[in-house]
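Structural characterization, general
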Amino acid sequence: MLDDFMTRATLAGIGVAIAAAPLGCFVVWRRMAYFGDATAHAAILGVALSLAFQTSIFIGTVAIALVMATTVTLLSGRGYAMDTILGVLAHSSLAFGLVAVSFLSGVRIDLMAYLFGDILAVSRVDLAVIWGGAIVVVGLIAWRWSALLTSTLNEELAFAAGLNPRREQLILTLSLAITVAVAIKVVGVLLIAAMLIIPAAAARGLSRTPEAMAVIAAVIGVFSAVVGLRGAYVFDTPAGPSIVCVAAVLFALFGVLGSARGSKSI
Amino acid sequence: MSLIEVENLSIQYNKKTVLSHVDLKVDPGEIVTIVGPNGSGKTSLFKAILGSIETSAGHVQKMPGLRIGYVPQKLHIDPTLPITVERFLRLNGQVDRSACRAALEAAGVPDLLKQQMSRLSGGQFQRVLLARALIDRPDILLLDEATQGLDQAGSASFYRQIENVRNETGCAILMISHELHVVMSASDRVVCLNGHVCCAGTPAVVASAPEYRALFGTGTGGALALYRHDHDHQHDHDHDHDHDHPHPANEVAH
């Protein structure tokens, strides 16, 4: 079954969609969209470093994503607005990454594959990494779900309940780093944030509870992956962007539906 | 043993001293109110008690196993986060539906269980926050200007609810409040804060302290008169002579 490249691609897409859905909800609720983008863009630097030091790309990108997250935390509250810090870091790390890649003489790498993903070239090993990462991310978030939710609502409320919001933030950062690392192959660094945000945003209008939103986001993400890949095959379009396009269309559709329903029930 | 004991607490924020040498103690069943002008460190003191900011000196001691119910000044729920009142009450886990109902009842807003938090009015929202704080059967309630944004009738009935809660459950209450005449009539002890503890004691003692008068003006003597009046003669004070003055100083007219 895994011999067929389309089967492997579809399974890879589903894995990323499932990991990205609950995490994406927190990214949306906590207004971390830019943070997700910055972490994803920094991953290209991770790719360059892993190729230079000949380590696994997964480890390189996770490490750089964590460094990125720490840097953002250290720089915040020093007189720059958060979106400025993230804008500076996201684009400069992308630029440094691209420059670093160009120094790697002797290694011919397909830059486009990392920028936009190369889901059709997913190997069995890649598949194992993607599903392993997805299971870790979903497991982490499920384990800390209540604590994460309380910290997201209000920090003091979390402290009063005996939780430590900073630890919960760390869990999210770690999950984000892992998700970015496993999603590079599927949608590429430029579109990872889309897989996080769009399914969650599309699910908002259809949900009454946080749990429902996470589940619906997962369904939307999986549907987008399957239909997007099919579309890419049929119309010969790039696979990663096709998946994001399907998700975006669903967002528009449910957005219209949701607001029509919302205005009726007020 | 006291529920909370704050000893010689100092807090610095961005190299500016916010609180210095603050002592505070709350015993079981007590209602203690913190008053003070804006920027006097009231909220920082609360945060130090909750453990969400670092202290630069002194310490906060909580009774082992102390259960704190916290009602924040304001809670912003991002519009992208769908959540019903019931789910919000169940945030801390082990709570069944009847406990949710009971807590809403105790907070004076039954029947909201299925509502979205984003659809609640300001008054309903504050009461749901109170219900959430009550649901774990706390030993102490921390209220940070919990009636902000409520009109006078709304906040008066909110405070009555608080007093009921204390009388029924025996839980202690530590609150920050701006509404001086409510403070004066509903508290066992008042702590007047302005970067340090200016004065503390029963409402009567605090209101006549020169430090308090320097901060709030002599006009608040009127609030105290109202308090004494209320308590000595049991007069019904629901009649509508100029209670709607926004500033306590106007109470001097009494």
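Residues numbered from 1 in each chain as written. Chains lettered and ligands numbered in written order. Predicted model: local features only at pLDDT ≥ 70, side-chain atom pairs only at ≥ 80, totals over all residues. Heavy atoms only, no water.

**Remarks on the pattern of salt bridges**
All names here are of chain B. As enumerated under the stated definition, the model contains 11 salt bridges over all chains in all. Put simply, arginine 90 and glutamate 86 hold a salt bridge, and the shortest N to O gap is 3.4 Å. We classify arginine 90 as partly exposed; its relative accessible area is 28%. Under the relative-accessibility criterion, glutamate 86 is labelled buried at 6%. By sharing partners, the salt bridges in this structure join Glu86, Arg90, Arg97 and Lys114 into a single network. (Salt bridge = Lys/Arg side-chain N within 4 Å of Asp/Glu carboxyl O. Buried < 20%, exposed > 50% of the residue type's maximum accessible area, 1.4 Å probe, protein only.)

**Some words on the sheet that holds strand β1 (residues 4-13) of chain B**
Residues and elements named next belong to chain B. A sheet is described by the order of its strands in space; here three strands give the open sequence β2-β1-β4, paired in antiparallel fashion. With one partner strand each, in any of the chains shown, β2 (16-26) and β4 (57-62) form the two edges of the open sheet. For this sheet the average axis-to-axis angle between neighbouring strands, irrespective of direction, equals 25 degrees. With seven bridges connecting them, β1 and β2 associate as antiparallel partners. When the sheet's bridge partners are listed, glutamine 12 is paired in β2 with threonine 17. Its contacts with the sheet put helix α1 (residues 42-50) on β1, β2 and β4, and the angle it makes with β1 is roughly 120 degrees. (Pairing = 2+ DSSP bridges. Helix = DSSP H or I, 4+ residues; strand = E, 2+ residues; numbered from the N terminus. Axes fitted to C-alpha atoms, helices over the stretch in contact; angles between N-to-C directions. Contact = heavy atoms within 4.5 Å.)

**What about the interface of chain B and chain A?**
Interfaces are often sized by the amount of accessible area the parts lose when they come together. If you look at the interface, chain B gives 26 residues, while chain A gives 25 residues. In total, chain B and chain A occlude about 2300 Å² of area from one another, counting both sides; carbon and sulfur atoms represent 56% of this. Inspection of the chain B/chain A interface yields two salt bridges. In this structure, the connection of chain B to chain A is made through nine residue pairs in polar contact (both at pLDDT 80 or more). If you list the elements that add at least two residues to the side of chain B that touches chain A, you get α1, β5 (68-71) and α2 (85-89) of chain B. Grouping the amino acids of the side of chain B that touches chain A by side-chain chemistry returns 12 nonpolar, seven polar and seven charged. (Buried area = accessible area lost by both parts, 1.4 Å probe. Polar contact = N/O pair within 3.5 Å; in protein donor to acceptor, adjacent residues only side chain to side chain. Nonpolar A, V, L, I, M, F, W, Y, C, P; charged D, E, K, R; others polar.)

**Some details on the sheet that holds strand β7 (residues 172-176) of chain B**
All names here are of chain B. Spatially, β5-β6-β7-β3-β8-β9 is the arrangement adopted by the six strands of the open sheet, whose pairing is mixed. A single partner strand is all that each edge strand has here, and the edge strands are β5 and β9 (197-201). Averaged over all adjacent pairs, the angle separating strand axes in this sheet is 15 degrees, with direction ignored. Bridge analysis of strand β3 (residues 31-35) against β7 gives four bridges, and the strand direction is parallel.

**As for the confidence of the model for chain B**
Residue and element names in this part refer to chain B. Residues of chain B with pLDDT of at least 70 account for 85%, and the chain-wide mean is 79. Counted against residues more than four places away or in other chains, residues 224-254, with its pLDDT under 50, gives 34 contacts. At the level of chain-chain contacts, confidence expressed as ipTM amounts to 0.81, with global pTM at 0.83. (pLDDT = per-residue confidence, 0-100.)

**Here we look at the side chain of serine 175 of chain A**
With respect to the element layout, serine 175 of chain A can be found in helix α9 (residues 165-187). Among the residues examined, serine 175 of chain A registers a relative accessible area of 0% and is labelled buried.

**Thoughts on the pairing of β7 of chain B**
Residue and element names in this part refer to chain B. Of all five residues in β7, five are buried; the element is thus mostly enclosed. Both faces of β7 are covered, namely the face carrying Ala172, Leu174 and Ile176 and the face carrying Ile173 and Met175. Where strand β6 (residues 140-144) lies against β7, five bridges are found, and the strand directions are parallel. Paired with isoleucine 140 across the two strands is alanine 172, which belongs to β7.

**Some words on the side chain of arginine 127 of chain B**
All names here are of chain B. Checked against the element boundaries, arginine 127 lands in helix α4 (residues 122-134). Taking relative accessible area as the criterion, arginine 127 reaches 11% and is therefore assigned buried. A distance of 2.5 Å separates the side chain of arginine 127 from the side chain of serine 157, its partner in a polar contact.

**Re the packing of aromatic side chains**
All names here are of chain A. All told, the structure shown has four aromatic pairs over all chains when counted by the stated rule. With a centroid separation of 6.3 Å and 75 degrees between ring planes, the pair formed by tryptophan 29 and tryptophan 145 is classed as edge-to-face. Of this pair, tryptophan 29 sits in helix α1 (residues 5-29) while tryptophan 145 sits in helix α7 (residues 145-153), and the two are 116 residues apart along the sequence. Residues tryptophan 29 and tryptophan 145 agree in their burial class; the two are buried. Feature note: the residues Phe26, Trp29 and Trp145 constitute an aromatic cluster, connected by ring pairs. (Phe/Tyr/Trp six-rings, centres within 6.5 Å; stacked < 30°, edge-to-face > 60°.)

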